[in-house]
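This is what each chain is made of:
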Amino acid sequence: MIDIENLSKAFGARTLWRDVNLTVGRGEMLALTGPSGSGKSTLLNCLGLLDKPSTGSIRYEGKDITRFGRGDVRRFRRDTLGYLFQHYALIENATVAENLEVVAGPRRSARSGSKGTDGKRGGTAVAEALGRVGLAGREKERIHHLSGGEQQRVALARLMVQRPALVLADEPTGALDDDNSTVVIDILREMSDAGCAVVIATHDAGVRDRCDAVFAVHESSLVRSPATAGATG
Ligand SMILES: Nc1ncnc2c1ncn2[C@@H]1O[C@H](COP(=O)(O)OP(=O)(O)OP(=O)(O)O)[C@@H](O)[C@H]1O
């Protein structure tokens, strides 16, 4: 589904990584690891069209998304991508429910190509998703009144409602205790098992253990961790 070819990224004279080649298929959940500052978030940002690689291509179903114009970028973000990032991209002044309803309305599903207007896309889906992340009944609270970990779980609930084809998660368990970390990783795993491709930048060994493959940024290259030799990539 995603084919990264010969990707490199430099900021000025400093090359973060080069010659990155990676394929992420439907239903695969991959971990990106590596030391702090090695460029994991930057790689996710390139996949999420928040940053541009210096060279190389990122193909999604054959199309090089690094060459998308503004309209295609907007559609790709809306229809295909789901972000679980440190700054969560939630609407701060809106309520929990409003943040989820933004993605629950009638819209085209990138995976099925059909209108996603079944009954689950409305209030029921919102309530179910909030229940799964331990925030049942919190619909009317404003985002800026929630803790960092609660906001992260709202962002996860939004992904459950949105059901994107590709999820990019940057340290998704970083602000969470063990129980909530387990909830997050269980849900990401379920989304992946349902056909979503999931790429997670993480330092958390518990997250890495649940992934199909682990890749590390090491000396400016992306290398596959031998511990996951059974997986593809
Ligand atoms: N826009 C930018 N301009 C210049 N340097 C940048 C820019 N964005 C990131 N960097 C640098 O690129 C390096 C990699 O940052 P990145 O956040 O991708 O690392 P990371 O592996 O995700 O780190 P961590 O594990 O600490 O989150 C850092 O040294 C950072 O300062």
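Each chain carries its own residue numbering, running from 1 in the written order of its sequence. Reporting in this predicted model follows two pLDDT cut-offs: at least 70 for local features of residues, and 80 or more for side-chain atom pairs to be given and counted; totals over whole chains, interfaces and linings ignore these cut-offs and use all residues.

### With respect to the sheet that holds strand S7 (residues 166–170)
Here the rule is simple: two strands pair whenever DSSP picks up at least two bridges between them. What counts as a helix is a DSSP run of H or I of at least four residues, what counts as a strand is a run of E of at least two, and both are numbered from the N terminus. Taken in spatial order, the 6 strands line up as S6-S7-S8-S3-S9-S10 in an open sheet, and their pairing is mixed. With partners counted over all chains shown, the strands left at the sheet margins are strand S6 (81–84) and strand S10 (221–224), one partner each. Between one strand and the next, the sheet's axes are offset by a mean angle of 20°, whatever the strand orientation. Here strand S9 (residues 213–218) runs beside S10; their pairing, made up of 4 bridges, is antiparallel. Residue pairing for S10: alanine 216 is matched across the bridge by valine 223. Here an axis means a line fitted to C-alpha atoms, over the contact stretch when the element is a helix, while the angle between two N-to-C directions is reported on a 0 to 180 degree scale.

### Let's talk about the confidence of the model for the chain
For every residue, the predictor reports its confidence as pLDDT, a number between 0 and 100. Here the chain averages 87 in pLDDT, and 88% of its residues register 70 or above. Within the model, pLDDT remains below 50 along residues 107–119, and this stretch shows 16 contacts once partners closer than five positions in the same chain are excluded. In this description, any two residues whose backbone-derived C-beta atoms lie within 7 Å of each other are considered to be in contact. Contacts of residues 228–233 to residues separated by more than four positions or lying in other chains number 13 contacts, the stretch itself having pLDDT below 50. Confidence metrics for the complex model read pTM 0.88 and ipTM 0.97.

### A word on the site of the ligand
The C-beta atom of each residue is placed using the backbone, and any residue whose C-beta lies within 6 Å of a molecule or strand is treated as near it. Around the ligand lies a shell formed by Phe11, Leu16, Gly34, Ser36, Gly37, Ser38, Gly39, Lys40, Ser41, Thr42 and Ala201. By residue number, the principal contributor to the shell around the ligand is helix H1 (residues 40–47), which donates 3 residues. Along the lines of polarity and charge, the residues of the shell around the ligand split into 3 nonpolar, 7 polar and 1 charged. Gly falls in the polar group here, along with every residue not listed as nonpolar (Ala, Val, Leu, Ile, Met, Phe, Trp, Tyr, Cys, Pro) or charged (Asp, Glu, Lys, Arg).

### Some words on the pairing of strand S1 (residues 2–11)
Judged from the 7 bridges that link them, S1 and strand S2 (residues 14–24) form a sheet pairing that is antiparallel. Bridging across to S2, isoleucine 4 finds its partner in leucine 22. Hairpin geometry of S1 and S2 is characterised by an intervening segment of 2 residues between the two adjacent antiparallel strands and by a positive phi of about 60° at glycine 12. Pairing analysis gives 5 bridges linking S1 to strand S4 (residues 55–60), with the strands arranged antiparallel. The partner of aspartate 3 across the bridge, within S4, is arginine 59.

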